[in-house]
Amino acid sequence: MHLLGIETSCDETAAAVVRGGDRLLSNVVSSQMETHQRYGGVVPELASREHLRAIVPVVRQAVEDAGISYRDLSAIGVTKGPGLVGSLLVGITYAKGLAVSLDIPLLGVNHIEGHIHAVVLEERQRGREIEFPALALVASGGHSHLFMVERPEPADYRYRLLGRTRDDAAGEAFDKVAKLLGLGYPGGPLIDKLAPLGDPSKVSLPTVRMKGNQLDMSYSGLKTAMLRLVRAAAMDDEILCRRRMYSEPPAPSLDAVLRVTSQQTLDLIASFQQTAVEELMRRVVKAAEQEPVRSVIVSGGVAANSGLRKRFASIPYPLYFPSLKLSTDNAAMIAAAAYPRVERGERSGLDLTAHPRLAL
Ligand code: KG4
Ligand code: ZN
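The rules we used
- Residues numbered from 1 in each chain as written.
- Chains lettered and ligands numbered in written order.
- Predicted model: local features only at pLDDT ≥ 70, side-chain atom pairs only at ≥ 80, totals over all residues.
- Heavy atoms only, no water.
- Buried < 20%, exposed > 50% of the residue type's maximum accessible area, 1.4 Å probe, protein only.
- Helix = DSSP H or I, 4+ residues; strand = E, 2+ residues; numbered from the N terminus.
- Contact = heavy atoms within 4.5 Å.
- Domains from an automatic or database assignment.
- Buried area = accessible area lost by both parts, 1.4 Å probe.
- Near = heavy atom within 4 Å.
- Polar contact = N/O pair within 3.5 Å; in protein donor to acceptor, adjacent residues only side chain to side chain.
- Areas by Shrake-Rupley, 256 points an atom, 1.4 Å probe, with all protein chains shown as cover.
- Nonpolar A, V, L, I, M, F, W, Y, C, P; charged D, E, K, R; others polar.
- Axes fitted to C-alpha atoms, helices over the stretch in contact; angles between N-to-C directions.
- Parallel < 35°, antiparallel > 145°, perpendicular 65-115°, else oblique.
- Pairing = 2+ DSSP bridges.
- Donors = N, O, S within 2.8 Å, 3.2 Å for Na, K, Ca; no water.
- Core = buried A, V, L, I, M, F, W, Y, C linked by side-chain atoms within 4.5 Å.

**As for helix α5 (residues 170–180)**
- Most of α5 sits out of view: eight of its eleven residues are buried.
- Taken together, the buried positions of α5 are occupied by A170, G171, A173, F174, D175, V177, A178 and L180.
- At its buried positions, α5 is contacted by β6 (134–139), β7 (144–153), α6 (187–194), α7 (220–232), α8 (236–246) and α10 (263–290).
- Once α5 ends, the next one or two residues include G182, with phi positive near 75°.

**Thoughts on the domain arrangement of the chain**
- With domains assigned, the chain is organised as domain 1 (2–130 + 323–343) and domain 2 (170–317).
- One C-alpha centre belongs to domain 1, the other to domain 2; they are set 28 Å apart.
- Every contact between the two is made by 18 residues of domain 1 and, on the other side, 19 residues of domain 2.
- Of the roughly 1,400 Å² buried at the junction of domain 1 and domain 2 (both faces included), carbon and sulfur atoms supply 60%.

**Things to note about the site of ligand 1**
- The immediate surroundings of ligand 1 are formed by 22 residues, with G141, G142, D175, D192 and D329 found nearest.
- Note that an oxygen atom of ligand 1 is positioned 3.0 Å from one of the backbone N or O atoms of G142.
- Coverage of ligand 1 by the protein amounts to 91% of the 550 Å² it exposes when considered alone.
- Counting only elements with at least two residues in the shell around ligand 1, the list comes to α4 (111–125), α5 and α6.
- Looking at which element gives the most residues to the shell around ligand 1, the answer is α6, with four residues.
- Of the residues belonging to the shell around ligand 1, the class tally is five nonpolar, 14 polar and three charged.

**Notes on the packing of α5 against α7**
- α7 packs onto α5 with a crossing angle of 10° between their chain directions and a minimal axis gap of 10 Å. Classified by the angle their axes make, α5 and α7 are roughly parallel. Counted together, K176, V177 and L180 of α5 and K223, M226, L227 and V230 of α7 form the full contact between these two elements.
- Split by residue class, the contact of α5 with α7 holds five nonpolar, no polar and two charged.

**Some remarks on the pairing of β7**
- In the sheet, β6 pairs with β7 via six bridges, with the strands oriented antiparallel. Bridge pairing links A139 to S144 in β7.
- Hairpin connection from β6 to β7: four residues lie between these consecutive antiparallel strands.
- Relative to strand β8 (residues 156–164), β7 runs antiparallel, the two sharing seven bridges. Note on β8: the bridge partner recorded for F147 is L161.
- Counting the residues in the hairpin turn of β7 and β8 gives two residues.

**Let's talk about the coordination of the zinc ion (ligand 2)**
- Around the zinc ion (ligand 2), the donor atoms from the protein are H111 (NE2), H115 (NE2) and D329 (OD), and they sit 2.0 to 2.1 Å away.
- Spacing between the donor residues of the zinc ion (ligand 2) along the chain follows H-x3-H-x213-D. Highlighted residues: H111 and H115, both in helix α4, separated by four residues, approximately one helical turn. As far as the burial class goes, H111 and H115 line up, both buried.

**Section: the nonpolar core**
- Counting residues in each nonpolar core, the largest one holds 51 residues, and the members touching the most others are L135, L137, L183, F272, L280 and F312.
- The greatest single-element share of this core, amounting to eleven residues, is contributed by α10.
- For L135, the contacting residues outside a window of four places in its chain are L146, F147, M148, L162, V284, A287, A288, V293, S295, V296 and I297.
- Listed in part, the 27 residues of the second largest apolar core include V28, V58, A66 and V90.

Pasting the structure below:
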């Protein structure tokens, strides 16, 4: 079975072909980073317009890279939510048209389930199977969710939500702090590069105490603490300088950014990253104490963070990350999540529509 995955939930137009649920034949991601960079975040109207422009060539490229023709496709999996409604609709509408014209099944896929299946796919590709029940942390720009994943049958995945963020997602916190410091969008990769140059012990940031579900997460306190520290440190000049550098593409080099970045800022960044990672680590350790966990999966854009990967290495369970390419949004994960469902006969009708706040 050749499954075409299509993903347009946020600011990447992506298409991929997966064969037999365990072979990634192509993976095309067209990023809109340059479009949104100067605004310090995704502008929904611009995102939809860019998806419209990119969807046809991106899918064509994915089919070509896979070395197949459209006629070889067996089914299409497309992200139905959560995400930006206008962006989702571009992918869904195109997927419907293609499914009808090729007379093949169509299935709407939950984006969060996709992030988990990025890991399942890559392990299969290496000839390995993840041990279930697994604890899955999905930490990205839109979500910080902790699930128990059970697989009673080989093609039957079940999800139980253990905890989620009550305010910002982890990646959103990285992005907002980067914006506050005059760094570009998305903030996560930049903070990841700058954090090792600072000393986290120089700045103390608060850890969150949750009322109620101890597996829920929160980033608003950390964000406010960062705002206060930045204001108190009188860093306006360097922030303004960096903001100017990022206001027009192309984005500045790391060296250019470092020339206008004080050691104090680097220490602040290092402490922020360490605290943000610790916030996730604490939840994972706690959940693993409570649940019959056999392995841990960490996925979503924040799973690309090198500080997080180092810190999580001490978890006493088999630990699975996606490759960097499949950590952030892509369509391979959508095809991979669709695969077991299509195999079991699940289908979406032509009334398939976008679900911006879809839960898993
Ligand atoms: O999974 P993703 O591509 O999109 C969503 O589903 O939201 O995640 C994007 C998020 C952004 O917030 C970005 O700043 C963050 O992931 N991110 C990172 C890193 N790479 C991407 N955060 C921390 N460290 C990174 N290396
Ligand atoms: Zn995502």
